[in-house]
Amino acid sequence: MGAVVFDSVSKRYKIHHQRVKSFQEAVVNLFYRKNGTTEEFWALKDVDFEVGYGETFGIIGPNGSGKSTALKLITRVLEPTKGRVTTKGRLTAMIELGAGFHPDLTGRENIFLLGSILGYNAREMRQRFDKIVAFAELERFIDTPLKHYSSGMNMRLGFSIIINADPEVLIIDEVLAVGDLAFQEKCLKVLTEFQNAGVSILMVTHDLELASRFCDKAILLQMGQIVAEGHPNDVISAYVSAQPV
Ligand SMILES: Nc1ncnc2c1ncn2[C@@H]1O[C@H](COP(=O)(O)OP(=O)(O)OP(=O)(O)O)[C@@H](O)[C@H]1O
Ligand SMILES: [Mg+2]
């Protein structure tokens, strides 16, 4: 069994439609909750894949193809409608910018908040705190509320927390994209160290060069289904050649 296994996984969402002809009608709908229809939408359909131990695995594909949905199933933010997702090893994940953070709390407070969720005691937290702040290079802003952080600063803090949590399985969703050049390079260096240390990495990215450079294996998702899998360069070619010209 691998670090992450998807066994015939499907995920259905319900999407609501409301046909509104006028502003008055919209206001009336607020009170009566009428007129809506619900449609079922399969964001993932019979998805099977396995991330081997120590492997770096990429998921690529167009917007809305189900990539983040797949990662949310891994972190149990969502439950599969059908099939089974299993993971093995200590999992740390960064799926959305700022997820798990509290905007009114400072950087310092958020580190302690997430640390307690990760199960660290006060002593362990103090030990990690300086490393987290130093890697994120946020010393000056560590007592600023997170709502005043830029996207890149937010990402630095989140990424620094997850890499200092001794992950065995690391899940990242496109979050590196908002980092500046220097910070991206720094993140890639850490990812390489993790690869060498045998950490299993699952990354979603629109950066095909990154996928080619870092992944051992990749899948291409299209409308919730795997349409190509294997060597990253072959999967990237399948993705590129499927684009309308
Ligand atoms: N909670 C939800 N309720 C209804 N539909 C949803 C929900 N979450 C996602 N979807 C839909 O599921 C589909 C897949 O979304 P998902 O976020 O997994 O796409 P993605 O591949 O990560 O796209 P992107 O490249 O834009 O990040 C989309 O059509 C989206 O609208
Ligand atoms: Mg996404």
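Residues numbered from 1 in each chain as written. Chains lettered and ligands numbered in written order. Predicted model: local features only at pLDDT ≥ 70, side-chain atom pairs only at ≥ 80, totals over all residues.

Thoughts on the packing of helix 4 (residues 122–136) against helix 5 (residues 151–163)
In step 1: Remark: helix 4 packs on helix 5, axes separated minimally by 8 Å, with the N-to-C direction vectors making an angle of 135°. Compared by their axis directions, helix 4 and helix 5 come out oblique. In this structure, the crossing between helix 4 and helix 5 has a hand that is right-handed. For the pair helix 4 and helix 5, contact is made by Ile132, Phe135 and Ala136 and by Arg156, Leu157, Ser160 and Ile161, respectively.
In step 2: Class assignment for the residues of the contact of helix 4 with helix 5 results in 5 nonpolar, 1 polar and 1 charged. (Axes fitted to C-alpha atoms, helices over the stretch in contact; angles between N-to-C directions. Helix = DSSP H or I, 4+ residues; strand = E, 2+ residues; numbered from the N terminus. Parallel < 35°, antiparallel > 145°, perpendicular 65-115°, else oblique. Left-handed = near helix turned anticlockwise from the far one by under 90°. Contact = placed C-beta atoms within 7 Å. Nonpolar A, V, L, I, M, F, W, Y, C, P; charged D, E, K, R; others polar.)

Observations regarding the sheet that holds strand 8 (residues 217–222)
In step 1: Reading across the sheet, the 6 strands line up as 5-6-7-3-8-9 and stay open at both edges, with mixed pairing between neighbours. Two strands close off the open sheet at either side, each with one partner strand: strand 5 (91–94) and strand 9 (225–230). Averaged over all neighbouring strand pairs, the angle between strand axes comes to 15°, with direction disregarded.
In step 2: The pairing of strand 8 with strand 9 spans 5 bridges and is antiparallel. Within strand 9, the residue paired with Ile219 across the bridge is Glu229. (Pairing = 2+ DSSP bridges.)

A few points about the domain arrangement of the protein
In step 1: What the domain assignment reports for the protein is domain 1 (4–90 + 167–241) and domain 2 (101–165).
In step 2: Domain 1 and domain 2 are separated by 25 Å when their C-alpha centres are compared.
In step 3: At the interface, 9 residues of domain 1 touch 9 residues of domain 2.
In step 4: Element by element, the count of residues in the side of domain 1 that touches domain 2 is highest for helix 6 (residues 181–196), at 3 residues.
In step 5: By residue class, the composition of the side of domain 1 that touches domain 2 is 7 nonpolar, 1 polar and 1 charged. (Domains from an automatic or database assignment.)

Description of helix 3 (residues 107–117)
In step 1: When helix 3 is considered as a whole, its buried residues turn out to be Gly107, Asn110, Ile111, Leu114 and Gly115. Mapping the buried residues of helix 3 onto a view down its axis gives an arc of 135°, with all of them on the same face.
In step 2: Where helix 3 is buried, its residues meet helix 4 and helix 5.
In step 3: The first or second residue beyond helix 3 is Gly119, which carries a positive phi of 90°. (Buried ≥ 20, exposed ≤ 12 C-beta atoms within 10 Å, placed from the backbone. Arc of directions from axis to C-beta.)

With respect to the pairing of strand 8
In step 1: Where strand 3 (residues 56–60) meets strand 8, 4 bridges bridge the pair, whose relative direction is parallel. The residue bridging Ile60 from the neighbouring strand is Leu220, located in strand 8.
In step 2: Counting the residues in the hairpin turn of strand 8 and strand 9 gives 2 residues, including Met223, whose phi is positive at 45°.

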